[in-house]
Amino acid sequence: MTVYFIGAGPGDPELLTLKAARVIGACPVCLYAGSLVPEAVVACAPADALVMDTAPMTLDDTHGVILAAHAKGQDVARVHSGDPSLYGAIAEQIRRLKADGIDYQIIPGVPAYAAAAAALGTELTVPEVAQSIILTRMSMKSTGMPAGETLENFARSGATLAIHLGIRALREIERQLVPFYGADCPVAVIYRVGWPDQMILRGRLSDIHAQVRAAKITRTALILVGPALSENHGFPDSALYDAAKPHVLRPRVKAD
């Protein structure tokens, strides 16, 4: 049998990849993170499949279900939100699978930051404004951050920041980022991107906290920060389609 770690995307069932839907539809056991993955995403599971919401379960609980499926030779769809390589907590699960000699595969999904950019109708890498994206999080009550992985260090780059698990720390985010980005730096908060109740707030480092508080958003939100989010930065066209800059697939046109 095989355990398939499946990226379900941010919440919209239509953003599930064809491969992910096919695998979920073939597995007799489906474990999904119900706090972040809507039931509609796993609705393609077989009618007689064992489908379990792992939100109230521990690592021991979920691994126990996998061991039981392994004993029966049943494949398992382990469905995570977004892309499982980002804050998917799959490394600890893989460690146990390897210890027990259980095969696994990872099927990527649409990450939250990509879905958020689509919802905003924007590009996160704008010529001469920002060409890098830093994916990070606030520690809060979760696992602590490694030494050196601080917002201040990341902010020195001027890159676009995608901050997870930080909606309750907006004041601290503002305090740490304003010295580098300025109080007027654009910010977007995307709540439950891809879900029916998705909400988007746009503002600045100096005022986004008040908007979030008024909207009563306390969890399940992604924070994007950086000058690339501005709608008025007057950036130049990229070189990609510049007629004056030929490349191997578009040689220079000879003058008549």
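Residues numbered from 1 in each chain as written. Predicted model: local features only at pLDDT ≥ 70, side-chain atom pairs only at ≥ 80, totals over all residues. Heavy atoms only, no water.

An unreviewed UniProt entry annotates the chain as Precorrin-4 C(11)-methyltransferase originating from Yoonia vestfoldensis. Of the comments in the UniProt record for the chain, the one headed Sequence similarities (unreviewed entry) reads "Belongs to the precorrin methyltransferase family." Per its UniProt entry, the chain bears the Pathway (unreviewed entry) comment "Cofactor biosynthesis; adenosylcobalamin biosynthesis." (UniProt positions renumbered as here; feature names shortened; annotations may be inferred.)

Caption draft 1: The arrangement of the sheet that holds strand β6 (residues 133-137) in detail. Read from one edge of the open sheet, 5 strands run β6-β7-β10-β8-β9, paired in mixed fashion. Either end of the sheet is taken by a strand with one partner, and the two such strands are β6 and β9 (199-204). Pairwise comparison of adjacent strand axes, ignoring direction, gives a mean angle of 20° for this sheet. Taken together, the 5 bridges between strand β8 (residues 186-191) and strand β10 (residues 221-225) define a ladder with antiparallel strand orientation. By the bridge assignment, Tyr191 is partnered in β10 with Ala221. Most of the contacts of helix α6 (residues 170-181) go to strand β7 (residues 160-164), to which it runs at about 165°, and overall it touches β7 and β10. Each of β8 and β9 touches helix α7 (residues 208-215); the most contacted strand, β9, lies at about 155° to it. (Pairing = 2+ DSSP bridges. Helix = DSSP H or I, 4+ residues; strand = E, 2+ residues; numbered from the N terminus. Axes fitted to C-alpha atoms, helices over the stretch in contact; angles between N-to-C directions. Contact = heavy atoms within 4.5 Å.)

Caption draft 2: Examining the sheet that holds strand β5 (residues 103-107) more closely. The sheet built from 5 strands is open, its strands ordered β3-β2-β4-β1-β5 with parallel pairing. The open sheet has two free edges, formed respectively by β3 (50-53) and β5, since each of these has just one partner strand. In this sheet, adjacent strand axes meet at a mean angle of 15° when their direction is disregarded. Here strand β1 (residues 2-7) pairs with β5 via 5 bridges, running parallel. In the sheet register, Phe5 faces β5, and the bridge partner there is Ile106. Contacts from helix α2 (residues 59-72) reach β1, β2 (29-32), β3 and β4 (76-80) within the one sheet, and its direction differs from that of β2 by about 165°.

Caption draft 3: A look at the nonpolar core. Residues Leu161, Ile163, Leu177, Ile223 and Val225 are the most contacted members of the largest nonpolar core, which totals 26 residues. Elements supplying a minimum of two residues to this core: α5 (151-155), β7, α6, β8, α7 and β10. When residues in this core are grouped by element, the largest group, 4 residues, is from α6. One finds Leu16, Tyr32, Ala33 and Ala45 within the second-largest nonpolar core, a separate group that totals 19 residues. (Core = buried A, V, L, I, M, F, W, Y, C linked by side-chain atoms within 4.5 Å. Buried < 20%, exposed > 50% of the residue type's maximum accessible area, 1.4 Å probe, protein only.)

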